[in-house]
Amino acid sequence: MIRHPRWRASGLALWAAGALACAGGQEAPVKAPAEVLGAAIGRWMAIVEPPAGTAPPAVSATLKVIGADGLPEQAVGQEIRLSFQAPDRIRIAFEIEGRQLEMGRAGQQLWCYAPRKAFGIVGSADVPRFATRPDSVDRSPLPPFMLPVPREQLILLPLLMQLDALPSETVDGARCFGMRGRPQPQAIEALKIPDGELRIWVRESDYLPARLDLRDGRGRRLALEFRGIELAESRPAGAWRLEAPPGARVETVALAHVRRFLPAALSILSLKPIPALGPATGTRRLLAAEGEGRLEDHDGTKVLFLKGTPEEMGRQHGVLLRREARNLVDRILYGVGVGSSFEKGRWFLGEIEEAQRRLAPFLDERHLREMDALADAAHLDREEVRLANLFPELFHCSGFALFGRATAGGRMYHGRILDYMRGIGLEPNAVVIVHQPEVGHAWVNVSYGGFVGSVTAMNERRISLGEMGGRGEGQWDGKPMSLLVREVMEKASTLEEGIEIMRRGPRTCEYYYVMADGNSKRAAGIAATPGSFEVIGPGQAHPRLPHAIEDAVLLSAGDRYEKLVERVRERYGSIDAQAALRLMERPVAMKSNIHSALFAPETLDLWVANADSENVASHCRFTHYNLAELLQPPAAPAR
């Protein structure tokens, strides 16, 4: 939505603001489709960029989504209450899952307000972006709203389309002209206009839009009705500012952060479909290289190889996955993170900066060096990457380890289900990362581009580890969980060593882990808070895990735990890799299941699945890898 150097009136809300045409007196009805469309465009241009010397009207309407294909089902029926006045004033109010949110702009001020929490933020260009850097003030001015394309191109639009009249209809009590249009083939080729179809109904009285139906060439559709359009005289700047009721909490924050939130939130609402992976064929090809690092495609999945010093690994990561790293920052920090402020009733970036302050004494300096090098290579602010990597992961997951009498041939299998953040746009960033640090063990990380920690991993010494989140958010005086997992991967050669690293900590929040050792064929569950540490052995019952099964460690919660126990008992003694993968299917996996992994630590095999647009991860294709093979030097290119 924000494009340098000007804001364009794109996106649903801003496009709608521009589409509300300016009334300037009645004209005789024009029935030819090209003339009707030309008149409607003229009204649009007059409202978004009024002629010099004229006072822009204040325009308001309610936009209702009456049809949507390729968007979340809950989009249909949604209403957006919108008011707009050129060149830099807007108010928008809507609901997401029953929670109302209001946003607005008054000149150089942006604001957001959540009535249910009585909490709001006002962006100021005088507030530093980061508390650790008082010099990080960004005073870049907000540009005015503009037409999405130059006037000259808009005027020509009727000539660039094949237009047909549609029967007149009454919409919101007003008689309307209707028309259907498709871009001319020459326009698609010469001007790169996207293929698709536009259906529009405009009021006969003033050519204001009443209904809009857009369909693209890929089967996506968005249909809107414009209800209760009102035109009024220009309103003063004060009428567009946040007017919070007495007792509401309103924080003044960096304007740059509010600017980043708006497009990040819109991007989450308009995610591109993620297709299902086809059958695996064993294809492996090099995509790019940087120093001793490289990015490969394995059967349609990304595998990133990092090697060397923290600076070298960070640079390799940032160069080879620059787009994914930037996407991680946008989605995690400015989309989900800032968006959570209006659910919690407190400013997220202030909260995570406080967490960073308390975590700082326990952070490994090598990990910080790697983050900073990644940020530099990806052209991101170092502080953004650090904060995104310290995002408080509150995972709700399941995990198991099976061996000995529980499995076919006594093989060890360690399953891990990550139930968290599916559907916010991280799925295309999924990557298997092979870490070969200059100090410590090599290891494989089921992760996302831009993230240097881990929640799902196995090292070359046959130690595998998966994490499950609990409560205790805000208990930040310790090592971040994801970097503690990484420490186990780089330092532990035995189950006992891994448990001791976890015990020594110091730890944050409440987390649960399943750790397996392929050398000794032993596993353990761990329940940890900053002040307590419990180890649950195979066949051991616990008040939260009442079913003791020999040669098994099963961690989950509620009905998911009961279903996991039931499945293990049904297949006990004959569980092989395929059966272990099926243990992770719904309902053991939740609807939020974004990735699932199965480790066979004895042989260093692993199977990884990532969610697509239609299916949770455990119901998608699992891709097989072997860490020993991944650590082999790449084959020399054929001459």
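This structure is a prediction, so every number in the text was calculated from the model and none was measured.

Colleague: What is the right way to look at the overall build of the chain in this model?
Modeller: On a plain count of helices and strands, the chain comes out with 15 helices and 30 strands. A compact globule built from 639 residues would reach a C-alpha radius of gyration of about 26 Å, and the chain, at 28 Å, matches this within 12%. Across the 639 residues of the chain, 54% fall into the buried class. If you sum the accessible surface of the chain, you get close to 26,900 Å²; carbon and sulfur atoms cover 52% of it. Within the chain, one finds 79 positive and 79 negative side-chain charges whose respective centroids are separated by 1 Å.

Colleague: Could you clarify how one ought to interpret the pairing of strand β28 (residues 593-600) in this entry?
Modeller: Remark: a regular strand shows side chains that alternate across the two faces of the sheet. Of all 8 residues in β28, 8 are buried, a share of seventy percent or more. One ladder, built from 6 bridges, connects strand β19 (residues 413-419) with β28; its direction is antiparallel. Along β28, the bridge assignment pairs D419 with N593. With 6 bridges joining them, β28 and strand β29 (residues 605-610) adopt antiparallel strand pairing.

Colleague: Would you explain the sheet that holds β28 in this entry?
Modeller: Sheets are built from strands paired through backbone hydrogen bonds, the pairs being either parallel or antiparallel. Strand order in this open sheet of 6 strands is β27-β18-β19-β28-β29-β30, and the pairing throughout is antiparallel. Edge positions in the sheet fall to β27 (552-555) and β30 (623-626), since each of these pairs with one other strand and no more. Along the sheet, successive strands turn relative to each other by an average axial angle of 10 degrees, direction set aside. Against the sheet, helix α13 (residues 558-571) makes contact with β18 (398-402), β19 and β27, and its axis sits at roughly 155 degrees relative to β27, the strand it touches most.

Colleague: When you look at helix α9 (residues 365-378) in this model, what are you seeing that I'm missing?
Modeller: Every α-helical turn comprises 3.6 residues, leaving residues that sit three or four positions apart pointing alike. Compared with the 20 Å implied by 1.5 Å per residue over 14 residues, the 20 Å span of α9 between its first and last C-alpha is a close match. A large share of α9 lies buried, amounting to 10 of its 14 residues. Within the span of α9, buried status applies to H367, L368, E370, M371, D372, A373, L374, A375, A377 and A378. In this structure, the buried residues of α9 make contact with α6 (310-320), α7 (322-344), α10 (382-389) and α11 (481-491). Its side-chain oxygen at 2.8 Å from the backbone nitrogen of R366, D364 defines the N-terminal cap of α9. After α9 finishes, the residue H379 shows a positive phi value of roughly 60 degrees.

Colleague: Which parts of the structure should I look at to understand the environment of D419?
Modeller: Relative to the helices and strands, D419 resides in strand β19. Along the sequence, D419 and I594 sit 175 residues apart, while their C-alpha atoms lie 5.9 Å from each other. Among the polar contacts listed, one links the side chain of D419 to the backbone nitrogen of M590, at a separation of 3.1 Å.

Colleague: Would you mind showing me how to read the pattern of salt bridges here?
Modeller: Between side chains of opposite charge, a pair can form as their charged atoms come close. In this structure the tally under the stated criterion is 52 salt bridges. Salt-bridge contacts for R221 lead to D213; the nearest nitrogen and oxygen are separated by 2.9 Å. Classification of R221 as partly exposed rests on a relative accessible area of 22%. A relative accessible area of 5% means that D213 is categorised as buried. A salt bridge links R284 to E296; the shortest N-O distance between them is 2.6 Å.

Reading the values: rules and limits
- Residues numbered from 1 in each chain as written.
- Predicted model: local features only at pLDDT ≥ 70, side-chain atom pairs only at ≥ 80, totals over all residues.
- Heavy atoms only, no water.
- Helix = DSSP H or I, 4+ residues; strand = E, 2+ residues; numbered from the N terminus.
- Rg over C-alpha atoms; globule rule 2.2 N^0.38 Å.
- Buried < 20%, exposed > 50% of the residue type's maximum accessible area, 1.4 Å probe, protein only.
- Areas by Shrake-Rupley, 256 points an atom, 1.4 Å probe, with all protein chains shown as cover.
- Lys, Arg positive; Asp, Glu negative; His and termini not counted.
- Charge placed at Lys NZ, Arg CZ, Asp CG, Glu CD.
- Pairing = 2+ DSSP bridges.
- Axes fitted to C-alpha atoms, helices over the stretch in contact; angles between N-to-C directions.
- Contact = heavy atoms within 4.5 Å.
- Expected span 1.5 Å × (residues − 1).
- Polar contact = N/O pair within 3.5 Å; in protein donor to acceptor, adjacent residues only side chain to side chain.
- Salt bridge = Lys/Arg side-chain N within 4 Å of Asp/Glu carboxyl O.

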